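Architecture at a glance
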Amino acid sequence: MVRYQPQNSLKSPRFSGIKTFMRLPHVQTTEDVDFVIVGLPFDSCASYRPGSRFGPSSIREMSCLAAKPYNPELEVGIFDYCSGVDFGDLGSVPGYIEESFDLITEGMIPFFQKGIVPVAMGGDHSVTLPELRACAKINGPVALIHFDAHYDTIPEYFGKPYSHGTPFYHAAKEGLVDPSHSIQVGIRENLYSDEDLNNSRNLGYEVLKAVQCHQMTSDEIVAQIKSRVGNHKAFLTFDIDFLDPASAPGTGTPVLGGLNTAKTLEIIRGLADLNIIGYDLVEVAPQYDPSGITAITGAGLLCEFLGHLAHKKKNNIVYQR
């Protein structure tokens, strides 16, 4: 069996070489891997500030600095237990939403068929809908763990079904997710009307707003997420604007009042033993953040997701696929 792992940065400088996530080999394979890193550079559904099409490339570049293989909090070395590659980017057709969604779905299906965990980098948040279409085709409806400043459950935008504000409306209506075991965390957007406030609840999602999160400990937030999700197969989607703009300014729709990175890391680490079969991180738009801290944060969070996989293997946490 081939075991894929990053280059050793103590022997090869981090500023050298072609930029892949975490300096993993760029191999388009579904053999001998536990996870794949995959880019979804599509932002034609952005409603205001585009640019998240450049998210995957910026995260890859900053991952050389932000993503290291040993997680001291989970006490696990990712590549002591896991094999993974940077698969590269899936295709899209700029400006053509349905066609791009079809390409993303087709590209993601083989990972779920093989039981490989995809760890995807958006792109705007619309890309999660075709990911979930692929996931549900193989696994049926899954629990959704959704970190975001926005509900993303409006039914349409300018009379059209798809934008980055609509994916979880369509995911529920298409039966891709099980809202009764799904939760949205960190919501704090101002709204156009009270109708927007009720969309998620009417669809069956549980909502844990940012104002509640600020009053809760990390352990309490983790406990509420776990209570909702249980042992169900889950997909975790993380919009970088979940974080306060002070921590992640490089995004299209920043909203004040978000969580900081320290508390966020505690929450993410607390979910390490859940049955999460797919991850994505979306809405990193590097041109709005010349410092690069948003991409650094995104890379660090993706590395935490990989820590989940190694933690489960180390501790023999096995769920029925």
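Look up: the structure comes first, before these words.
Report on the accompanying structure. (Residues numbered from 1 in each chain as written. Predicted model: local features only at pLDDT ≥ 70, side-chain atom pairs only at ≥ 80, totals over all residues. Heavy atoms only, no water.)

1. With respect to the overall build of the protein
Regarding its fold elements, the protein presents ten helices and ten strands. Here the C-alpha radius of gyration of the protein, 18 Å, is about what a compact globule of 321 residues would show, namely 20 Å. Over its C-alpha atoms, taken along the principal directions, the protein stretches across nearly 55 × 40 × 40 Å. In the protein, which comprises 321 residues, the proportion classed as buried is 56%. In the protein, 79% of the contacts between residues at least 6 apart in sequence involve partners at least 24 apart. Accessible surface, the protein as shown: approximately 13200 Å² in total, 52% of it carbon and sulfur. (Helix = DSSP H or I, 4+ residues; strand = E, 2+ residues; numbered from the N terminus. Rg over C-alpha atoms; globule rule 2.2 N^0.38 Å. Buried < 20%, exposed > 50% of the residue type's maximum accessible area, 1.4 Å probe, protein only. Contact = heavy atoms within 4.5 Å. Areas by Shrake-Rupley, 256 points an atom, 1.4 Å probe, with all protein chains shown as cover.)

2. Looking at the environment of phenylalanine 158
Within the secondary structure, phenylalanine 158 is located in the loop between strand E6 (143-147) and helix H5 (167-173). According to the relative accessible area criterion, phenylalanine 158 is exposed, its value standing at 75%. Between the alpha carbons of phenylalanine 158 and lysine 209 there is a distance of 26 Å; along the sequence they are 51 residues apart.

3. Remarks on the side chain of serine 218
Tracing the backbone through its elements, the reader meets serine 218 in helix H8 (residues 218-229). Of note is the side chain of serine 218, whose polar atom sits 2.5 Å from the side chain of glutamate 266. Apart from the residues lying within four places of it in its own chain, the contact partners of serine 218 are Lys263, Glu266 and Ile267. (Polar contact = N/O pair within 3.5 Å; in protein donor to acceptor, adjacent residues only side chain to side chain.)

4. Details of the environment of valine 119
Among the secondary structure elements, valine 119 is positioned in strand E5 (residues 117-122). Between the C-alpha atoms of valine 119 and arginine 3, which are 116 residues apart in sequence, the distance is 18 Å. Ignoring sequence-local partners within four residues, the contact set of valine 119 consists of Val36, Ile37, Val38, Tyr279, Leu302, Phe305 and Leu306.

5. Concerning the pattern of salt bridges
In this structure the tally under the stated criterion is nine salt bridges. Put simply, glutamate 31 and lysine 114 hold a salt bridge, and the shortest N to O gap is 2.7 Å. With a gap of 83 residues between them, glutamate 31 in the segment before strand E1 (35-40) and lysine 114 in the loop between helix H3 (97-113) and E5 connect regions that are remote in the sequence. When its relative accessible area of 44% is taken as the criterion, glutamate 31 is described as partly exposed. Taking the shortest distance from any N to any O, the salt bridge between arginine 60 and aspartate 86 comes out at 2.8 Å. You can see arginine 60 sitting in helix H1 (residues 55-66) and its partner aspartate 86 sitting in strand E4 (residues 84-89), a full 26 residues away along the chain. When sorted by exposure, arginine 60 lands in the same class as aspartate 86, which is buried. What emerges from the salt-bridge pattern is a single network uniting Arg60, Asp86 and Asp89. (Salt bridge = Lys/Arg side-chain N within 4 Å of Asp/Glu carboxyl O.)

6. Quick notes on the sheet that holds strand E8 (residues 206-209)
Taken together, eight strands build an open sheet; the order of strands is E4-E1-E5-E10-E9-E6-E7-E8 and the sheet is parallel. With partners counted over all chains shown, the strands left at the sheet margins are E4 and E8, one partner each. Across the sheet, the mean angle separating the axes of adjacent strands is 15 degrees when strand polarity is ignored. Bridge count between strand E7 (residues 183-187) and E8: four bridges; the pairing is parallel. Within E8, the position partnered with isoleucine 183 by the bridge is glutamate 206. Each of E1, E4, E5 and strand E10 (276-282) is contacted by H1, which is oriented at about 110 degrees to E5, the strand it contacts most. (Pairing = 2+ DSSP bridges. Axes fitted to C-alpha atoms, helices over the stretch in contact; angles between N-to-C directions.)

7. A short note on H8
Taking 1.5 Å of rise per residue, the twelve residues of H8 would be expected to cover 16 Å, and the 17 Å separating its terminal C-alpha atoms lies within 8% of that figure. Considered for burial, the residues of H8 that qualify are Ser218, Ile221, Val222, Ile225, Arg228 and Val229. Here the buried residues of H8 occupy an arc of 130 degrees about the axis, which is enough to place them on one side. In H8, the exposed residues that point more than 90 degrees away from the buried face are Asp219 and Ser227. Buried residues along H8 sit in contact with E6, E7, E8, helix H7 (210-215), strand E9 (234-239) and helix H9 (261-270). With its phi angle positive at about 60 degrees, glycine 230 sits one or two positions after the end of H8. (Expected span 1.5 Å × (residues − 1). Arc of directions from axis to C-beta.)

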